[in-house]
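Structural characterization, general
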Amino acid sequence: MTSLDSLDHLAHAGAGWTAELARARLHFVTGKGGTGKTTLATALSLALASGGRRVLLVEVEGRQGIAQVTDNEPLPYGERHVLSARDGGDLRALHIDAEAALLEYFDMFYNLGFAGRTLRRMGAVEFATTLAPGLRDVLLTGKIKECVSRTESDGRYTYDHVVVDAPPTGRVVKFLDVTRALTDIAKTGPIRSQAEGVVKLMHSENTVVHIVTLLEEMPVRETLEAVAELDEADLRPGAVLINRMRPPRLPQDTLPEAARGNLDVDTIRRELSRIGYDLADEVLHGLVAEASEHAKRVTAEQSALDQLAEGDLPALQLPELTAGVDVAALYELADTLSEQGVR
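Residues numbered from 1 in each chain as written. Predicted model: local features only at pLDDT ≥ 70, side-chain atom pairs only at ≥ 80, totals over all residues. Heavy atoms only, no water.

1. Brief notes about the overall build of the chain
When its secondary structure is counted, the chain shows 15 helices and 8 strands. The proportion of buried residues among the 343 residues of the chain is 48%. Taking contacts inside the chain between residues at least 6 apart in sequence as the whole, the part at least 24 apart equals 76%. Total accessible area computed for the chain in this model is approximately 16800 Å², and 52% of it derives from carbon and sulfur atoms. (Helix = DSSP H or I, 4+ residues; strand = E, 2+ residues; numbered from the N terminus. Buried < 20%, exposed > 50% of the residue type's maximum accessible area, 1.4 Å probe, protein only. Contact = heavy atoms within 4.5 Å. Areas by Shrake-Rupley, 256 points an atom, 1.4 Å probe, with all protein chains shown as cover.)

2. A few points about the packing of aromatic side chains
Scanning the entire structure with this criterion turns up 1 aromatic pair. Judged by centre distance (6.4 Å) and plane angle (75°), the rings of phenylalanine 28 and phenylalanine 175 are edge-to-face. Within this pair, whereas phenylalanine 28 is found in strand β1 (residues 26-31), its partner phenylalanine 175 is found in helix α9 (residues 169-185), the two being separated by 147 residues in sequence. Looking at phenylalanine 28, the relative accessible area reads 0%, which means it is buried. Over the ring of tyrosine 157 we find arginine 25; its NZ or CZ atom is 3.6 Å from the centre of that ring. (Phe/Tyr/Trp six-rings, centres within 6.5 Å; stacked < 30°, edge-to-face > 60°. Lys NZ or Arg CZ within 6 Å of the ring centre and 35° of its normal.)

3. Quick word on the sheet that holds strand β6 (residues 207-213)
Spatially, the 8 strands line up as an open sheet ordered β3-β4-β2-β5-β1-β6-β7-β8, and their pairing is mixed. Bordering the open sheet on either side are β3 (80-84) and β8 (315-319), each of which pairs with just one other strand. Taken over all neighbouring pairs, the strand axes of this sheet differ in orientation by 25° on average, direction set aside. Across 4 bridges, β3 lies against strand β4 (residues 90-95) in antiparallel orientation. Across the sheet, residue histidine 81 finds its bridge partner in β4, namely arginine 92. Together, β1, β2 (54-59), β3, β4, β5 (161-165), β6, β7 (237-245) and β8 form the strand contacts of helix α3 (residues 37-49), whose direction differs from that of β5 by roughly 175°. (Pairing = 2+ DSSP bridges. Axes fitted to C-alpha atoms, helices over the stretch in contact; angles between N-to-C directions.)

4. As for the nonpolar core
Core analysis: the largest hydrophobic core is formed by 43 residues, its most contacted members being Leu26, Phe28, Val58, Ile144, Val164 and Leu176. Among the elements that make up this core, the one with the highest residue count is helix α8 (residues 134-149) (5 residues). Ignoring anything within four residues of it in the chain, the contact list for leucine 26 reads Ile144, Val148, Val162, Val164, Leu201, Met202, Asn206, Thr207 and Val208. Grouped together as the second largest cluster of nonpolar side chains are 38 residues, Ala43, Leu44, Leu57 and Val212 included. (Core = buried A, V, L, I, M, F, W, Y, C linked by side-chain atoms within 4.5 Å.)

5. Quick look at the pattern of salt bridges
Tallied over the full model, the rule gives 22 salt bridges. Lysine 37 is paired through a salt bridge with aspartate 165; the nearest N and O atoms lie 2.6 Å apart. On the criterion of sequence distance, the pair formed by lysine 37 in helix α3 and aspartate 165 in strand β5 is long-range, its members being 128 residues apart. No difference in accessibility class separates lysine 37 from aspartate 165, as the two residues are buried. Across the pair arginine 92 and aspartate 90 runs a salt bridge whose closest N-O atoms are separated by 2.9 Å. For arginine 92, a relative accessible area of 29% corresponds to the partly exposed category. For aspartate 90, a relative accessible area of 16% gives the class buried. Taken together, the shared-partner salt bridges in this structure form one network comprising Lys37, Glu61, Arg63 and Asp165. (Salt bridge = Lys/Arg side-chain N within 4 Å of Asp/Glu carboxyl O.)

6. Here's the deal with the side chain of aspartate 90
As for its position among the elements, aspartate 90 is in strand β4. Here arginine 92 takes part through its side chain, which lies 2.9 Å from a polar atom of the side chain of aspartate 90. For aspartate 90, the contacting residues outside a window of four places in its chain are Ala49, Arg53, Arg54, Val55, His81, Leu83 and Ala85. (Polar contact = N/O pair within 3.5 Å; in protein donor to acceptor, adjacent residues only side chain to side chain.)

7. Observations regarding a nonpolar patch on the surface
Judged by side-chain polarity, Ile275, Tyr277, Leu279, Val283 and Leu287 come together as a nonpolar surface patch covering roughly 450 Å² of accessible area. Tracing the backbone through its elements, the reader meets leucine 279 in the loop between α13 (265-274) and α14 (281-309). By relative accessible area, leucine 279 is classed as partly exposed at 32%. (Patch = residues over 30% accessible without salt bridge, like charges linked within 9 Å, V, L, I, M, F, W, Y side chains within 5 Å.)

8. Quick look at the environment of aspartate 281
For aspartate 281, the position within the fold is in helix α14. With relative accessibility at 45%, the residue aspartate 281 sits in the partly exposed group. Through-space distance from the C-alpha of aspartate 281 to that of valine 265 is 9.6 Å; in sequence the pair is 16 residues apart.

9. Side note on helix α15 (residues 327-339)
Given 3.6 residues to a turn, an α-helix orients residues that are three or four positions apart in the same direction. Spanning 13 residues, α15 covers 19 Å between terminal C-alpha atoms, matching the ideal 18 Å at 1.5 Å per step. All of the buried residues along α15 are Ala329, Leu330, Tyr331, Leu333, Ala334, Thr336 and Leu337. Buried positions along α15 lie against α3, α4 (65-69), β3 and β8. A positive backbone phi angle near 105° is found at glycine 341, which sits one or two residues after α15. (Expected span 1.5 Å × (residues − 1).)

Set out below in structure tokens:
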């Protein structure tokens, strides 16, 4: 497959947010650090909320990244409206605190609200999560399951979709699959029942894991490794979200020579002069050097596209926003996702 073939393959895949993805209600968004994971999780949430739907965006890493990107105050442990989506959609956000989730768990399953508060003063909550490191992830995924399965008095799901700004690719499989190990430990009671419910949801067609990447060597490598790990754990990869895509500025047939630094400066000078641009030598040589660097970058990005195409996943392309990311940019990215079929 040539670079242009892979670009075309990805473009066609991304243009069709597949029926399988459209049926999912729980969307985890992972990616290597620095790829724009939180930004795209928020943009995806806005796209899914368009048309009057209700979507919950969940944060589990304690960074308050959602509050920052949506220009809100730090989120409490509670579901709060953060943005309105197109055509009447409602986007809410939840910052899950492991300690608060544990106290809620005690109160819900053991009616130990008062005892839980006492445990918190004693430091027992921190002790428990230190003694059993996987417990923290169990609490987080358990709360996510509760949000996904919650219904209103009319039987309708409280949220049409739940989107989770998940841990990065290196940790996401452990995060999603930790409750399977807990099922083997807890043999009876509410803990086992809760764990079994979470395991069932994570491995169902309702759940997909999207991966954010850049067209750079390390993010692409981690993306492909994450896909393999998800497959091995019987978890469902969703779409690849290719962030900060930049259009090529040179004709395709000139890229190889330009990348090798073999542009004919005299020919370029004559062509520029013909259309009325007479440039000083230092300016012209500077432009040629920039063209060569651009060609190298485009060539490397097309190679990255070749590698991603081997993953055989739907791909959505998001442009580089040169003015930075603010709330207006989130809507722009959400519209771009909607144009590629997200709904």
